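# A structural walkthrough
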Amino acid sequence: MSGLNRFSLKFKTLFQLGFKQSSQFLIYQLGLRSGYFTKRTPALAVSESLDGKQLKPNWFLNLPEKITLRQINAAQIQAVYTEADEITQGKIRFFGGNLKTLNLAPVADPPHWSVYERGAAHVGDEDIKDVWEPARFNWAVTLAKAYYLNGEERYAAAFWHNFENFIEANPVNCGPNWTSAQEVSLRMQALIISAHLLANAAESTDERIRTLCASVADHARRIPPTISYAKAQNNNHLLSEAVGLYAASLFLPQHPASAAWRQKGLRWFNQGIEAQINRDGTYAQHSANYHRLMLVLALWMQLFLEKENKILDDGVLNKLAAATAWLGLRLDPASGQVPNLGHNDGSNILPLSSAAFNDYRPVVQAASRAFRACPALPPGPWDDLCLWLDIPTQSGNNPPPSSGNPLDQLILGDARDWAALCAARFHSRPAHADQLHVDIWHKGINIALDPGTFRYNAPPPWENGLAGTAVHNTLTINNRDQMTRASKFLWLDWAQAQVEMCSPQEIRASHNGYRHLGVLHYRSLRQGDSGGWVIEDEVLPLREITEDYTAVVNWLLPDWPFALAQDNVSLESPDGKITLSFSTAGLPAAVSLDIFKAGQSLTNGESDDHLGWYSPTYGEKIPALSIQYKIIQKPPIQIHSVFRWADEPG
C-alpha cells in the first residue's frame, strides 16, 4: 500500500470512528510510547506490593444452599466434578471446547507489560488468546465450585497450587498476562469469587488469603491508568474493567483506594451501558457471545450494588431489559443455543452455572428475572445461575407471553421452526460483513449456520478470516465484501440496512454495501406455504449497467451426507431429509452450483480457504458444507433459495 493510500485509510478511519473514540486511542498510545504507563504501573513482586497483612476480605457473597443446587442441577453436577478432576491433572477446557494443558507461565523472566504492547516483545507464534485463556482463571471458579459442592480438599489444594504458580511466574505488571486491563479485571473477579467458595477449606490458610487479597489489590491498581484504551474500544473492555473495580472495592473495603475504585467503576459502567446498548437491545459489538458477556457483567454489577442497598439507574435498567429481550428472542428453546452471530471469542466468564458453554439459558433466565422482573423460561436446571447470583426464583413461575416483539427483531416462525434475518443500522464498529445473513433453526438443530470466528491471531488466512461476506448466508456481488476491510478488526464504509417491510408472514430488507458498484441488495424471508423457508434475493441497479455482474448466494450447512442434482441439494440430517433448491429469473449468462467443504470444492476442484468451515467456539473449526449458487447476469438479478423438510408436504 502506498503512503498516500495509507494516509487516506487513516483519515477515513478517524472520520468514520469519530473524534471521541479516536482521541481516546491517541491518549492511550501517547501514554504507552512516552513511558507514562510504565511509571503508573510499576513492575513488582507480590511481596513488594501493598502489604497483604493490612487487608482483610469482606465476604459479601451469599452462597446458595448446596442441597438446592444439587436438586435443581443433579444431572449436570457430575460434569462439574469431571471438569474439576481434569484441572487437578493439569488440563483445562479452552474456550469451552478442547482439552489442553494448563500453562500459567507463558514466558520466563517477563519484562513489563508495556514492552509487549509496543511490539518489542512477543510470545512466539502462539495466539495471545491461548495465553490469556488460562490466565482468566475460569478454571479456578470450576475448582472452587466443585469444592463448595462436595468439600473435597484436593480441589482447594489444586486452586492454591495454581494460584501460587501464577503469581510467581507473572510478577505484578510484567508479561503478556498484564497487557490487557480487561484480562486483569476478569482474572481478579474470578479470584474474588473463588475465594468466597474456598473460604472454609483447610487449604485456605490465613497466609494464603492475605496473599490473595494483596494480589486483588495489585490487579485493581492496574486498571485505571489505561482506561483510555477501554473507552476507545467502546465495548466489553470498559464494562469488564468497571465491574472489576467495583468488585475489588467491595472485597477490600479497607484499601485506601477502595472508595475511588467504587466511584470510577460505577461511573464507567453506567457510561458503557448507555453508550453500548441501543434502544432496541442490540449491543455495540454485534455479537451474540459478547452480548452474553455484557449481560453477565451487568448481573454482577447489580448484585454488587444490592450489597450496598443501591440500584441501577432507570435508564441503565431499561437498556439492560431491552438487551435481555434481544438475546431471549434468539434463544432456541430446544437446544439452549443462539445464532453464532459476529465475533465468538469463546468467552463464558465467571462460569458458576453448570450448563455447557453454548447453552445460553442460564444467562437469559437470570437476566430476565433481574432486569425484566419475570422469567424467560419455565423452571429448570438453568435456574442455577439465579441461585448463585441471589436472584429470587420463587415468584413468577410462568414465562412472559413474549420476551419482546419478534418482528421488531426480524424473527419469523415458532419454537419448532424459526429464522432470523440480520439487518443492522450500525452506530458502532461492525464485527462481520454479514448484512442480510439468515439463520435457520428446525427442531432444535441449526440448519443454516453462521460460521463464527475461529481465530483472531493466526497466520494467513486465519487472522479473523471468517468475518467476510462470502462465508455468511447472504449474497456477494463481484466477489466483494459489503464493506471495506481496513484491518482484521476494522471495517470502513459501513453497509447500512433498511427494513422495507415486516409482517408475521414476511420480512423484506435491503442494504447499501454495494452502492459503489451501482446496485442495492434486497432480501425477503418468509415461510413456505407448506413449511420450510423461502428466501428471495434481488440485486437492483441504481444506474444503467451494461456489463454482467457475478452474484453468489452462500448457504453454510452442517456436514451431512448430501446428493447434488442440477439446481438442488438434498441432505440427510439427523431428523430426516432436507432439500435446498435454487432458481433464478431472466436469462443469466452462466449458472453454477458448487459445494465447498473444508476449503475445497467437492464439485469442480477449486479451493477457497475460508469456505466450508464452522467454528463452534474460539480456536476450533470443523468441516461444514458451503453451498454456493452463482449466476452471471446484468442487473436486475433475482435468485430464490427454498428450504424444505421431509416431514412437510412437498
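You'll find the structure just up there.
This is a predicted model, so every value here is computed, not measured.

What follows deals with the packing of aromatic side chains. For the structure shown, the criterion picks out 25 aromatic pairs. Plain terms: the ring middles of W160 and F163 are 5.7 Å apart, the flat faces sit at 80° to each other, and that makes the pair edge-to-face. Of the two residues, W160 and F163 are both situated in helix α9 (residues 153-169); the distance of 3 residues between them amounts to about one turn of the helix. In this pair, the class of W160 matches that of F163, namely buried. Relative to F304, the ring of Y246 lies with its centre 6.5 Å away and its plane at 0°, an arrangement referred to as stacked. Here the residue Y246 occupies a position in helix α13 (residues 236-251), and F304 occupies one in helix α15 (residues 288-307), the gap between them amounting to 58 residues. Three or more aromatic residues link up through ring pairs in this structure, and these residues are Y28, Y36, F37, W113 and Y229. Over the aromatic face of W178 sits the side chain of R187, whose NZ or CZ is 5.3 Å from the ring centroid.

Okay, the sheet that holds strand β15 (residues 562-565) next. As summarised here, the arrangement of the 8 strands in space is β10-β11-β12-β13-β22-β17-β16-β15, forming an open sheet in which the pairing is antiparallel. Looking along the sheet, the strands with just one partner apiece sit at the ends: β10 (497-502) and β15. On average, each strand axis in the sheet is tilted by 15° relative to the strand beside it, whichever way the strands run. The pairing of strand β17 (residues 576-584) with strand β22 (residues 637-645) spans 7 bridges and is classified as antiparallel. Within β22, the residue paired with S581 across the bridge is V642.

One ladder, built from 4 bridges, connects β15 with strand β16 (residues 568-573); its direction is antiparallel. Within the sheet, the bridge partner assigned to A563 lies in β16 and is S570. Counting the residues between successive antiparallel strands, the hairpin from β15 to β16 contains 2 residues, one of them, Q566, with a positive phi of roughly 50°. Two strands pair when backbone bridges link them, and β16 and β17 are joined in this way by 6 bridges, in the antiparallel orientation. In the strand pairing of β17, E572 is matched with K577. The hairpin turn running from β16 into β17, its antiparallel successor, is 2 residues long.

Attention now moves to the environment of S368. In this fold, S368 is placed in helix α17 (residues 361-371). Separated by 43 residues in the primary sequence, S368 and A325 have C-alpha atoms spaced 7.6 Å apart. Excluding anything up to four places from it in sequence, S368 contacts T324, A373, C374, P375 and A376.

Summarising the element assignment, H432 is placed in the loop between β4 (417-421) and β5 (438-442). A polar contact is formed between the side chain of H432 and the side chain of H343, at a distance of 3.3 Å. One polar contact links H432 to H472, side chain to side chain, over a distance of 3.3 Å.

Read from one edge of the open sheet, 4 strands run β3-β4-β5-β6, paired in antiparallel fashion. The sheet terminates laterally at β3 (411-413) and β6 (445-448), the two strands that pair on one side only. Averaged over all pairs of adjacent strands, the angle between their axes in this sheet comes to 25°, without regard to strand direction. Strand direction decides the pairing type here: β4 and β5, joined by 5 bridges, are antiparallel. Bridge assignment links L421 to a residue of β5, and that residue is V438.

Any two side chains of opposite charge can pair, so long as their charged atoms come close to each other. Across all of its chains, the model carries 23 salt bridges by this definition. Here E86 ties to R93 by a salt bridge, and the two come within 2.8 Å at their closest N and O atoms. Overall, R93 belongs to the partly exposed group, its relative accessible area being 35%. Salt-bridge contacts for R523 lead to D537; the nearest nitrogen and oxygen are separated by 2.7 Å. Of this pair, R523 sits in strand β12 (residues 519-527) while D537 is found in strand β13 (residues 533-541), placing the two residues 14 residues apart along the sequence. One salt-bridge network, in which partners are shared between bridges, spans D85, E152 and R154.

Calculation rules
Residues numbered from 1 in each chain as written. Predicted model: local features only at pLDDT ≥ 70, side-chain atom pairs only at ≥ 80, totals over all residues. Heavy atoms only, no water. Phe/Tyr/Trp six-rings, centres within 6.5 Å; stacked < 30°, edge-to-face > 60°. Helix = DSSP H or I, 4+ residues; strand = E, 2+ residues; numbered from the N terminus. Buried < 20%, exposed > 50% of the residue type's maximum accessible area, 1.4 Å probe, protein only. Lys NZ or Arg CZ within 6 Å of the ring centre and 35° of its normal. Pairing = 2+ DSSP bridges. Axes fitted to C-alpha atoms, helices over the stretch in contact; angles between N-to-C directions. Contact = heavy atoms within 4.5 Å. Polar contact = N/O pair within 3.5 Å; in protein donor to acceptor, adjacent residues only side chain to side chain. Salt bridge = Lys/Arg side-chain N within 4 Å of Asp/Glu carboxyl O.

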